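# Coordinate analysis (summary)
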Amino acid sequence: MAPATGTAGAPVRRLTVLYDAGCPLCTHVRDWLLRQPRLVELDLVPAGSDEARRLLPGLDHAATLEEVTVVGDAGQVYRGAAAWIVVLWALRGHRALAHRLSTPAGARLARGAVLAAAKWRGGQRQWGGNGYRRADGWVYEPGLGWRYAGPGCADGTCATG
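Since the structure is predicted, the reported quantities are computational estimates derived from the model, not experimental observations.

### Details of the overall build of the protein
What the protein contains, in helices and strands, is six helices and six strands. From first element to last, N terminus to C terminus, the protein shows the α and β order β-α-β-α-α-β-β-α-α-α-β-β. Buried positions account for 32% of the 161 residues belonging to the protein. Restricting the contact set of the protein to residue pairs at least 6 apart, pairs at least 24 apart contribute 56%. Here the protein displays about 10,000 Å² of accessible surface, and carbon together with sulfur accounts for 57% of that area.

Here's what the structure looks like:
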């Protein structure tokens, strides 16, 4: 994707990453990004939020909920696979991977990963599922997986409805 007019060659010092706050995969990636050492600062902002609209008034905010979008501090806009590549480029431990993914062969791999994530997100919306959620009483135990531990299940047996 070409950068915004007048931004070619502009240094990137900060990136705004717009993520779907209602998507478990997106929030997992957001949390992972927050733990990564960075070479370029990342601002993680919920897509379509009031904050996103205030920070980026000229952006198509409906589109940011459909496709991962990253905006550079000089107005560069990256979508889809290019957005993921530029985010990896901003991370200390992943810049070399970003360079490999920016090649023609790597770009196909990055695009496939983005399409797989989009398909998973679409399936979550289609089936109305958000997976297992701790807020609903589900607990993850390594080696065992998810189990329901909500009200009435203290002994591991739950009444079925």
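### Quick word on the confidence of the model for the protein
Per-residue pLDDT for the protein has a mean of 78; in total, 63% of the residues score no lower than 70. At the low end of the mean pLDDT range in the protein sits helix H6 (residues 104–127), at 64; at the high end sits strand S2 (residues 41–46), at 96.

### Quick notes on the side chain of Thr64
Within the secondary structure, Thr64 sits in helix H3 (residues 61–64). Among the polar contacts listed, one links the side chain of Thr64 to the backbone oxygen of His61, at a separation of 2.7 Å. Excluding residues within four positions of it along the chain, Thr64 makes contact with Leu18, Ala47, Gly48, Leu59, Thr69 and Arg79.

Rules of the game
Residues numbered from 1 in each chain as written. Predicted model: local features only at pLDDT ≥ 70, side-chain atom pairs only at ≥ 80, totals over all residues. Heavy atoms only, no water. Helix = DSSP H or I, 4+ residues; strand = E, 2+ residues; numbered from the N terminus. Buried < 20%, exposed > 50% of the residue type's maximum accessible area, 1.4 Å probe, protein only. Contact = heavy atoms within 4.5 Å. Areas by Shrake-Rupley, 256 points an atom, 1.4 Å probe, with all protein chains shown as cover. pLDDT = per-residue confidence, 0-100. Polar contact = N/O pair within 3.5 Å; in protein donor to acceptor, adjacent residues only side chain to side chain.

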